[in-house]
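Here's the letter readout for the chains.
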Amino acid sequence: KVNLVPRSLSRRIQFQQQSIKMKSVIIAAIIGSAAAFAPAQTGKVATSINAFEGELGAQAPLGFFDPLGLLDDADQERFDRLRYVEIKHGRISQLAFVGNLFTRAGNHLPGDINYEGQSFASFPNGLAAINGPDSISSSGLLQIFAFIAFLEIRVMTDVTGDSEFRGDFRNGFDFGWDKQTEEWKMQKRAVELNQGRAAMMGILGLMVH
């Protein structure tokens, strides 16, 4: 049989099918999280609240909020680990959200992305830039991941071992932080947590749409 469907159209249809599958998975994850609002075992929840209700991030209007029960019977070490993960994911999501808005507004880096003459503006926005018929090449993605790995290992980590709290990556640079009051520091850390949480929901919404 002769395939009468152009190759470019076939690739685009395949990409649309992959996008639908990806959106379905994300939507299923969001719907699944709704189960977290079901009544939980009172004993475990009470234990968690008593242990961590005074921690940074347990603030109005939700207060201590752990619908998935990740802190049931958890110790301080596990809480600190989860808080570190939350901060990192929040920071990444803030960068991703702002970057997504920036490119969707028509802003791109000047010049070409490779020696073949393809400009930064020639690639689509969002997930289509890394997965689709017009996506960045595998070698380009490899360079991106290598740069991310460098940041993860050498920049976005406690290199000096003198961090004041989980997520403190100043690494010897003060930026005026030590001159501020404890109340000011806690307020700024709470703001970062809230913005990170909002950004995680925001970038997830942009991925779905």
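Going by the structure above, here's the rest.
These figures come from a predicted structure and were not determined experimentally.

Okay, the overall build of the protein chain next. Counting its regular elements, the protein chain contains 5 helices and 0 strands. Traced from its N-terminal end to its C-terminal end, the protein chain shows the element sequence α-α-α-α-α. When the 209 residues of the protein chain are sorted by exposure, 19% land in the buried category. In the protein chain, 52% of the contacts between residues at least 6 apart in sequence involve partners at least 24 apart. Accessible surface computed for the protein chain: about 15000 Å², of which carbon and sulfur atoms make up 61%.

A contiguous nonpolar surface patch, about 370 Å² in accessible area, is contributed by Phe147, Phe150, Val155 and Met156. Within the fold, Phe150 resides in helix α4 (residues 138-155).

This part takes up the pattern of salt bridges. Applying the stated rule across the entire model yields 10 salt bridges. Between Glu86 and Arg197 there is a salt bridge, with its nearest N and O atoms 2.6 Å apart. Separated by 111 residues along the polypeptide, Glu86 in helix α3 (residues 76-104) and Arg197 in helix α5 (residues 182-208) bring together distant segments of the chain. According to the relative accessible area criterion, Arg197 is partly exposed, its value standing at 27%. The partner of Asp168 in a salt bridge is Arg170, with the nearest N and O atoms 2.9 Å apart. Each of Glu164, Asp168, Arg170, Asp174, Asp178, Glu182 and Lys185 takes part in one network of salt bridges that share partners.

What counts as what
Residues numbered from 1 in each chain as written. Predicted model: local features only at pLDDT ≥ 70, side-chain atom pairs only at ≥ 80, totals over all residues. Heavy atoms only, no water. Helix = DSSP H or I, 4+ residues; strand = E, 2+ residues; numbered from the N terminus. Buried < 20%, exposed > 50% of the residue type's maximum accessible area, 1.4 Å probe, protein only. Contact = heavy atoms within 4.5 Å. Areas by Shrake-Rupley, 256 points an atom, 1.4 Å probe, with all protein chains shown as cover. Patch = residues over 30% accessible without salt bridge, like charges linked within 9 Å, V, L, I, M, F, W, Y side chains within 5 Å. Salt bridge = Lys/Arg side-chain N within 4 Å of Asp/Glu carboxyl O.

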